[in-house]
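A closer look at the structure
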Amino acid sequence: MMNRNHNMNQINRRDLLRRGTLGIGSLALSSLLQKELSASDTAQKGRVLHHAAKAKNVIFLHMVGGPSQMDTFDPKPALDKWDGRALPVEVTRGQKFAFVTPQSRVIKSPYGFKPRGQSGIVMSELFPHLANVADELTVVRSMRTNEINHGSGELFMHTGHGRMGRPSFGAWTTYGLGTENENLPAYVVLKDGPPVAGPSVYSSGFLSSRYQGVEFRSGKQPILYLDRPEKTSPQERRDVMAAIKRLNHNAFDHYQDPEIATRIAQYELAYRMQTSVPDLVDFSSEPQHILEQYGVNSRSANASAFARNCLLARRMVEKGVRFVQIFARGWDHHAGIYTALPKSIAAVDQACAGLIQDLKQRGMLDETLVIWGGEFGRTPMVQEHNAGTGAKTAPGRDHHKECFSIWMAGGGVKGGFTYGKTDEFGFGVVENEVHVHDFHATCLHLLGIDHERLTHRHQGRDYRLTDVHGHVVHDIIS
Amino acid sequence: MIGPSPAVVARINHIPKRKRGLTAGARASRTRRVVICAALLTLTNVAFPQTSAEYDFNRDIRPILSGKCFKCHGPDAAAREADLRLDHRENAVDFGAIVPGEPDESSLIERVSSGDPDTRMPPAGDRLSAEQIAKLKAWIEGGAKYEKHWSYQRPTPPVRPVVRDESWPTSEIDFFILNRIARAGFTPLTQAEPAVLLRRLYLDVIGLPPSVDEVNAFEADPSRKNYEAHVDRLLKSKHFGEKWAAGWLDLARYADSNGYQHDDLRTMWPYRDWVIQALNDDMPFDQFTIEQLAGDLLPDPSPSQLVATGFHRNVPTNFSGGSKVPEVRANILHDRVATTGTVWLGMTLECCQCHDHKFDSVSQREYYQFYAYFNQAIPEVSQKGVGMFRKLFVGREVDVHASEADRQRAEELRDSIAATERQLEDSRQGAALVSTEKKSASKADGSEVFADFEGVNPLAGQSTTHKAKVTAVGDTPADGGKFAIKAVVDASASAAGHYGIGFNLPIRDQSEAAEIRFWIKTDIEGSFNLQIHSDTKDVNVFRFSIAESELRTWKQVVAPVASFSVPPWARRKADWSRVNMVRITAFGNGPYAGRYVMLDQLASLKSYDPAMARSMKLAKRVKQLKTELDAITTSTMVMQDAEMSQATHLMIRGDYTTPGDRVDVGVPGALHPLDASLPRNRLGLAKWLVADENPLTSRVTVNRIWAEVFGRGIVTTLDDFGRQGAAPSHPQLLDWLAVRFVEDGWSVKKLIKTIVMTSTYQQTSAAPATLIQRDPENKLYARGPRFRLPAELVRDNLLAVSGLLSDKVGGDMVYPVQPDGLWKEISGPLDVSNYPTSVGEDRYRRGIYTVWRRGNPYPSMINFDAPDRSTCTVQRDRSNTPSQALTLLNDPVYVEMATAFARLMESWSGSDRVKVVRAFRRALARHPNDDDVDTLLELYHDHQSWFAVAQVLMNLDEAISKP
């Protein structure tokens, strides 16, 4: 029979359990539990890792497909005169392209550019809302990556490596900094259009699966398996949870295995999440002007979905979620620079601006790093045929890795600042290159993390997000 | 008592600073004292007491040097600073970094203990601790002896250690374990209660729980003999392979899809079934190795030996539109090298892609010598042209059948198809004769020529999709009249997309056509379409290709109407009664500038030609036979080497576009030499891996199996036996197991039996809190192994408990219920988006058969730490998360199991109490205590719901843990 002699809290266990129904019933157990959690978890609330952090949270808005730099944030008037001609061979020699050829003709940007805000950041006319927060942005025009395909490009942008299997930026961040809210996941993924490489893009790789991005889905059930079965009443669920806890306690008394104590705590957290998560996604407490600021009720389905995700991201950050990753669909403009790109931008412009304004008015922008960008840029050359069928298409641009533009806001970056320079064609970086590794190093730096010191030993090697590369770009830090 | 007493610490602090000039004797005695005391200092918690007075280089010194110094003063020549190597004694001594016997003269000590940050080593990162410096000093004082890294030396059969309590051990292993437990001041625990022991055994050997009847019977006779009988029976179970395959499939990064963008499904399940079968057959591990790495190179390989080589065809493959074939191939081969190194050698070779290894003795050149073995493979991925959207697998495939009956039927079918095709060819010859003879006569013969390019305006009706020069030329096929048409593509044409030459015809009724045929001559190799349009987007196409050998010669293409299909880009199929354009298109094989296409004698044949009618009948028959054959045949990817040896070049900085020196096949020089008589291909490599002299393969393998049973390896870094890896906690036991494994003919089953027969394994896992606090990770194995089951077994075990489990072994992957729409969310318009949820027993198959889609894996399995199989995974995480709770509570799959379990309870006879006890024992095997029963009864009575009781039992920590 079971030996109950080492039961530390035998006497009042039953009463405690009954009375608290779901609260941690015993001090001994809860202290044991805390020990277990802290021993197994590098993450603790308010943890300072390597230096004082400027940013506490990240909201990363990824435009899936790769926005065109010369039609958004990197004006190239010289393309007007190159329009219809091939680029000089010295520019294209030795370069990889996905579908176009080095001889493909150049297409100018059909859009006008204007300086915006006090700072005069120049951006495309397609961003009327973002123009209102220009003074909060650092635009980086000199981004560079190694990959020209969506899957590997996304992996590179998020894991620093073009193949599957490495932990993502969000996973490294939560591995380093942990969570600020035990009732919610530390790293959340929201998407209206998925990354093509799937969950590998927000995977924990070889880190513990605790650091994996947890996907919140649109619709009634934001987290998989959150809702209790239809046939189970709330009372039955409560009693089932209490019985599970009690039998687990009995088992703990017997085995003394701390994993059982952790299991008890995780069931309690799961139970709390059944309330906290639906509360989080319920916008009924948000005033109308906030909903309007983001464009939540936009008539465009894409704009509304993205706006909801941005508002949800703010609510999450407010509740202590460390890292919110948002994916927005429809930025792979092989065709339709004239037709499709304006729609893609219109679907995000208002919500991006709304998010920044909302964070600012709540005093949260200083501690929240907002990032907007894609996995790569696009070619100055035109693509006019569908790569699969060969059918003629509306003019578009192909994948391009040599340069692309992103912007960042809040979280310790300068406001109203433009960094880096590309050549007259928008083909390559000529000044202040920010490679993806540098971008990661800089973001981690803002979070108080030295990218060279946040490592994990795996298969005999100390891995880090920036591999063996990466320099912090101090110039963009305020 | 473990750990140093305060008095010991104090004495250490008072050791006087050593000076030169001591006599040898004095130095020696002092050294010993320093060493003993310093050794005690390292004891924390339950570190193992050291009895040796000397530092062990491999255990104590190498980790310090490797961790702090080798990065710049180690094997990597390119990164080496100051021309100093600390991994080579001779070099270190010559340099003066180490002066044996004279720590104070050794610049190593001076530099690591320097107070000046400018001269102190290491220049970055944490400095050495006082304890580490003390170790180095003591080691230098003792002569600074180097030893070959422990894992590079062959395991030797160790002497059985002495133990005081000889009654406890029941096997050789127990002596090693008990000796260590006793030295730490503990005693092992007693045997687990029979029900718990039996459940543990079942879960470990077959991954399924025992029935209540089996538990009862064992409780009645828990003798060692009866236990052994269970062990033997379970090892023979067909479910053994299903349980043990999962870990191997993690290593083999087996999955049912390609990964990356598109993430198409692939047929690799025959490989998965091969692994299950090989384990069930207890195929010796050396043979298991050889067949998977080189089955194709064995003399006259069987289909099964070919399927085994799927091991290395499992690599994820990036088929996105813009990826380049050489890049994809290089990534595949790098993965094969890394996986082979990890699985068999416990070595990380990946870092040598770009530079010499920083810690282990593997150079970049040696890496590419290893790579060269895999670079002999034939091309496996092809891009048929610059603009084509997706790549194809073109490597070797082998046909497989689900059963022997299917295999025989397939053989008959193949014979019939060949015979019918011969008849068809004869019949076509006849038809062709008729049509050409009478082609200029009336249309009653069944042939109608659309275009023969004769007459007044041979070029009438042609148009091209790209700018091209079109002329009538005198080069014609036999019976082609005077002229053919030739289109030469303009130099300005873009390379992308397609090139076409079309003929716009007055609307013609082709509804009775049986065949379209024409002659073509071109210098474009690869894919072509013959398109029949009735409107711009109403199209049927017939695909054909021009082989290299057919370039620049006339070829007749025969396109049976039955073989046309509707292309994905068409709006609908063509209306053959009003054909207004025929187009012949080269696609995906550009650039086309300057290339030509010549055409002649474009004609259709009608079906009322008697010879034609016969052909059609035969063609239909062939199609039927092929359909039947396809239904019982599947093909899976296997390895094949090219006949000619392929040159391999070192890649500078690991980049395939910057080749360096040429290298030949070879193995790392730090390990045993390659037997010259072995073939210089993968077969030779596989034999080298399982050679008697290999110090690693057997150790790495037994360690992994040990870890699967005990939850941690004797070497905790299962994937790294190199210098950065952990030292073995029980080095002698590891060697004993490794030697025994080989002596037992590499039998995995014997090894598992040896392990589960030990007293160590059979201990109870219910331990006093003090023991758990002092040895939380069970490093000493002073209690039974207790930990959460892996993802597949969480499912399998609860399916068995619920009574729903299907015991069908093997076959195609299955699609158990998952939340709606998950595959739609990830995919683009060209990707697989339909998740064909299984019906019938396939809903309740073991987890190992669940479709494994890399980019979109089965979510509940991921919640329990199953990997996405994108890379070789040696050890899964064992997390404990709220998503696991939500899965077991709310996932419809587990709700269905609980419902079925509740129905079982309902159906049982007896009182509610009897039912509760039986249900508890069905789920957990052991007897419940009174409080457990009361709690469940109360729940049942409050809600009148067996479902609630089932949910509780299936959500217990114990229900998803090995007890």
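Treat the numbers as computed from the prediction; the structure is a model and nothing was measured.

Turning next to the overall build of chain B. Of regular secondary structure, chain B possesses 33 helices and 19 strands. In terms of its C-alpha atoms, chain B occupies a principal-axis envelope of roughly 115 × 85 × 45 Å. Across the 963 residues in chain B, those meeting the buried criterion constitute 58%. Considering only contacts within chain B whose residues lie at least 6 apart along the sequence, 72% involve residues at least 24 apart. When the accessible surface of chain B is split by element, carbon and sulfur atoms take 52% of a total near 38,200 Å². Averaging the locations of the 118 positively and 122 negatively charged side chains of chain B gives two centres separated by 2 Å.

With that out of the way, let us pick up the overall build of chain A. In terms of helices and strands, chain A carries 12 helices and 17 strands. Buried residues in chain A amount to 63% of all 478 residues. A total accessible area of about 17,200 Å² is found for chain A, and carbon and sulfur atoms account for 48% of it.

Attention shifts here to the sheet that holds strand E8 (residues 498–508) of chain B. Residues and elements named next belong to chain B. An order of E5-E8-E13-E10-E11 is seen for the 5 strands of this open sheet, with the pairing classed as antiparallel. Strands with a single pairing partner mark the edges of an open sheet, and in this sheet they are strand E5 (462–464) and strand E11 (538–546). Neighbour-to-neighbour, the strand axes of the sheet open up by a mean angle of 20°, direction not taken into account. Judged from the 9 bridges that link them, strand E10 (residues 526–535) and E11 form a sheet pairing that is antiparallel.

Here we take up the packing of aromatic side chains. With the rule as written, the count across this model stands at 56 aromatic pairs over all chains. With 5.2 Å between their ring centres and 80° between their planes, Trp82(A) and Phe425(A) make a pair best called edge-to-face. Note that Trp82(A) is positioned in helix H3 (residues 78–82) and Phe425(A) in the loop between strand E13 (421–422) and strand E14 (429–431), a separation of 343 residues in sequence. Residue Trp82(A) shares its accessibility class with Phe425(A), and that shared class is buried. Every member of this aromatic cluster is reached through a ring pair, and the members are Trp248(B), Tyr254(B), Tyr271(B), Trp274(B), Phe285(B), Phe288(B), Phe311(B), Trp344(B), Phe741(B) and Trp746(B). The lysine or arginine in question, Arg85(A), covers the ring of Trp82(A), its NZ or CZ lying 4.3 Å from the ring centre. When the ring centre of Phe240(B) is taken as reference, the NZ or CZ atom of Lys749(B) above it lies at 5.0 Å.

This next bit is on the interface of chain A and chain B. The interface of chain A with chain B comprises 84 residues on the first partner and 95 residues on the second. For the pairing of chain A and chain B, the buried interface totals around 7,500 Å² over both sides, and the portion due to carbon and sulfur atoms is 54%. Among the residues of chain A in contact with chain B, Tyr225(A), Tyr255(A) and Gln459(A) are the three that bury the most area, contributing 12% of the side total. In this assembly, chain A and chain B are joined by 4 salt bridges. Between Asp931(B) and Arg246(A) there is a salt bridge whose closest N-O contact spans 2.7 Å. Inspection of the region where chain A meets chain B yields 25 residue pairs in polar contact (both at pLDDT 80 or more). Only helix H1 (13–20), helix H5 (150–159), helix H7 (234–255), helix H8 (258–281), strand E16 (456–458) and strand E17 (461–463) of chain A provide two or more residues apiece to the side of chain A that touches chain B. The greatest single-element share of the side of chain A that touches chain B, amounting to 15 residues, is contributed by H7(A). In terms of residue class, the side of chain A that touches chain B is made up of 32 nonpolar, 28 polar and 24 charged.

What follows deals with the confidence of the model for chain B. Residues and elements named next belong to chain B. When pLDDT is averaged along chain B, the result is 86, and 90% of the positions lie at 70 or above. In the model, residues 1–53 has pLDDT below 50 throughout and makes 60 contacts with residues more than four positions away in sequence or in other chains. Ignoring residues within four places in sequence, the model shows residues 433–445, a span with pLDDT below 50, making 16 contacts including any to other chains. Across the predicted assembly, pTM comes out at 0.77 and ipTM at 0.77.

Our focus in this paragraph is helix H12 (residues 239–251) of chain B. Ala245(B) marks where H12(B) bends most, by close to 40°. The element H12(B) is largely enclosed, with a buried count of 12 among its 13 residues.

Below, the discussion takes up the pattern of salt bridges. Tallied over the full model, the rule gives 75 salt bridges over all chains. For Lys76(A), the salt bridge is made with Asp74(A), and the minimal N-O distance between the two is 3.6 Å. On the accessibility criterion, Lys76(A) (13% relative accessible area) is buried. When the shortest N-O distance is used, the salt bridge between Arg414(B) and Asp399(B) registers 3.5 Å. Here the residue Arg414(B) occupies a position in helix H18 (residues 404–437), and Asp399(B) occupies one in strand E3 (residues 397–400), the gap between them amounting to 15 residues. Since its relative accessible area comes to 33%, Arg414(B) is described here as partly exposed. Residue classification places Asp399(B) among the partly exposed residues on the basis of a relative accessible area of 40%. Among the charged side chains, a network of salt bridges with common partners joins Glu286(A), Arg314(A), Arg315(A), Glu318(A), Asp358(A) and Arg362(A).

Bringing the nonpolar core into the picture now. Most often, soluble globular proteins have nonpolar side chains that are buried together. By size, the foremost hydrophobic cluster in this structure holds 263 residues, and its most contacted members are Leu61(A), Trp407(A) and Trp248(B). Sort the elements by how many residues they give to this core and H8(A) lands first, with 10 residues. For Leu61(A), the residues in contact, after removing those within four places along its chain, are Phe306(A), Cys310(A), Ile326(A), Cys352(A), Leu355(A), Val370(A), Ile371(A), Trp372(A), Gly373(A) and Trp407(A). Formed by 48 residues, the second largest nonpolar core is a distinct cluster that contains Val140(A), Met164(A), Ala197(A) and Leu454(A).

As a further point, take the environment of Ala707(B). Residue and element names in this part refer to chain B. Tracing the backbone shows Ala707 in helix H21 (residues 697–710). Taking C-alpha positions, Ala707 is 8.2 Å from Leu718, a pair spaced 11 residues apart along the chain. Residues contacting Ala707, with those up to four places away along its chain left out, are Arg712, Gly713 and Leu718.

Attention now goes to the packing of helix H9 (residues 194–205) of chain B against helix H11 (residues 224–236) of chain B. Residue and element names in this part refer to chain B. Contact geometry of H9 with H11 gives a least axis separation of 10 Å together with a crossing angle of 20°. On the basis of the axis angle, H9 is roughly parallel to H11. The interaxial crossing formed by H9 with H11 has right-handed handedness. Residues Leu197, Leu198, Leu201, Tyr202 and Val205 of H9 lie in contact with H11, whose contacting residues are Tyr227, His230, Val231, Arg233, Leu234 and Leu235. Considering only residue class, the contact of H9 with H11 consists of 9 nonpolar, 1 polar and 1 charged.

A word on the side chain of Ser66(B). All names here are of chain B. Relative to the elements of secondary structure, Ser66 occurs in helix H3 (residues 57–68). The class of Ser66 is buried, set by a relative accessible area of 1%. Leave out the neighbours within four places in its chain, and Ser66 touches Phe359, Arg723 and Gln724.

All names here are of chain B. Assignment of secondary structure puts Gly784 in the loop between helix H25 (769–774) and strand E18 (787–788). Using a relative accessible area of 3% as the deciding quantity, one classes Gly784 as buried. Distance in space between the C-alpha atoms of Gly784 and Gln762 is 6.3 Å, their sequence separation being 22 residues.

Summarising the element assignment, Thr887(B) is placed in helix H29 (residues 882–890). For Thr887(B), a relative accessible area of 0% puts it in the buried group. Side chain to side chain, Thr887(B) and Asn863(B) meet in a polar contact 2.9 Å long. Setting aside residues up to four positions removed in sequence, Thr887(B) forms contacts with Tyr225(A), Ser860(B), Asn863(B), Phe864(B) and Tyr894(B).

Residues and elements named next belong to chain B. For helix H16 (residues 325–345), which comprises 21 residues, the first-to-last C-alpha distance of 29 Å matches the rise-based estimate of 30 Å (1.5 Å per residue) to within 8%. Counting buried residues in H16 gives 17 out of 21 residues, a clear majority hidden from the surface. Positive phi shows up at Gly346, right after H16, with a value of about 55°.

Residues and elements named next belong to chain A. Extensive coverage of strand E7 (residues 323–328) is indicated by the burial of 6 of its 6 residues. Burial along E7 is two-sided: the residues Phe323, Gln325 and Phe327 and Val324, Ile326 and Ala328 are all buried. Taken together, the 6 bridges between strand E1 (residues 57–63) and E7 define a ladder with parallel strand orientation. Across the sheet, the residue bridging to Phe60 is Gln325, located in E7.

Moving on: the packing of H9(B) against H12(B). Residue and element names in this part refer to chain B. Their axes nearest at 7 Å, the elements H9 and H12 cross at an angle of 75°. In terms of orientation, H9 and H12 fall into the roughly perpendicular class. Here H9 contributes Leu203, Asp204 and Val205 to the contact with H12, which in turn contributes Phe240, Lys243 and Trp244. Its residues assigned to classes, the contact of H9 with H12 shows 4 nonpolar, no polar and 2 charged.

The rules behind these values
- Residues numbered from 1 in each chain as written.
- Chains lettered and ligands numbered in written order.
- Predicted model: local features only at pLDDT ≥ 70, side-chain atom pairs only at ≥ 80, totals over all residues.
- Heavy atoms only, no water.
- Helix = DSSP H or I, 4+ residues; strand = E, 2+ residues; numbered from the N terminus.
- Buried < 20%, exposed > 50% of the residue type's maximum accessible area, 1.4 Å probe, protein only.
- Contact = heavy atoms within 4.5 Å.
- Areas by Shrake-Rupley, 256 points an atom, 1.4 Å probe, with all protein chains shown as cover.
- Lys, Arg positive; Asp, Glu negative; His and termini not counted.
- Charge placed at Lys NZ, Arg CZ, Asp CG, Glu CD.
- Pairing = 2+ DSSP bridges.
- Axes fitted to C-alpha atoms, helices over the stretch in contact; angles between N-to-C directions.
- Phe/Tyr/Trp six-rings, centres within 6.5 Å; stacked < 30°, edge-to-face > 60°.
- Lys NZ or Arg CZ within 6 Å of the ring centre and 35° of its normal.
- Buried area = accessible area lost by both parts, 1.4 Å probe.
- Salt bridge = Lys/Arg side-chain N within 4 Å of Asp/Glu carboxyl O.
- Polar contact = N/O pair within 3.5 Å; in protein donor to acceptor, adjacent residues only side chain to side chain.
- Nonpolar A, V, L, I, M, F, W, Y, C, P; charged D, E, K, R; others polar.
- pLDDT = per-residue confidence, 0-100.
- Bend = angle between axes of the 7 residues up to and from the residue.
- Core = buried A, V, L, I, M, F, W, Y, C linked by side-chain atoms within 4.5 Å.
- Parallel < 35°, antiparallel > 145°, perpendicular 65-115°, else oblique.
- Left-handed = near helix turned anticlockwise from the far one by under 90°.
- Expected span 1.5 Å × (residues − 1).

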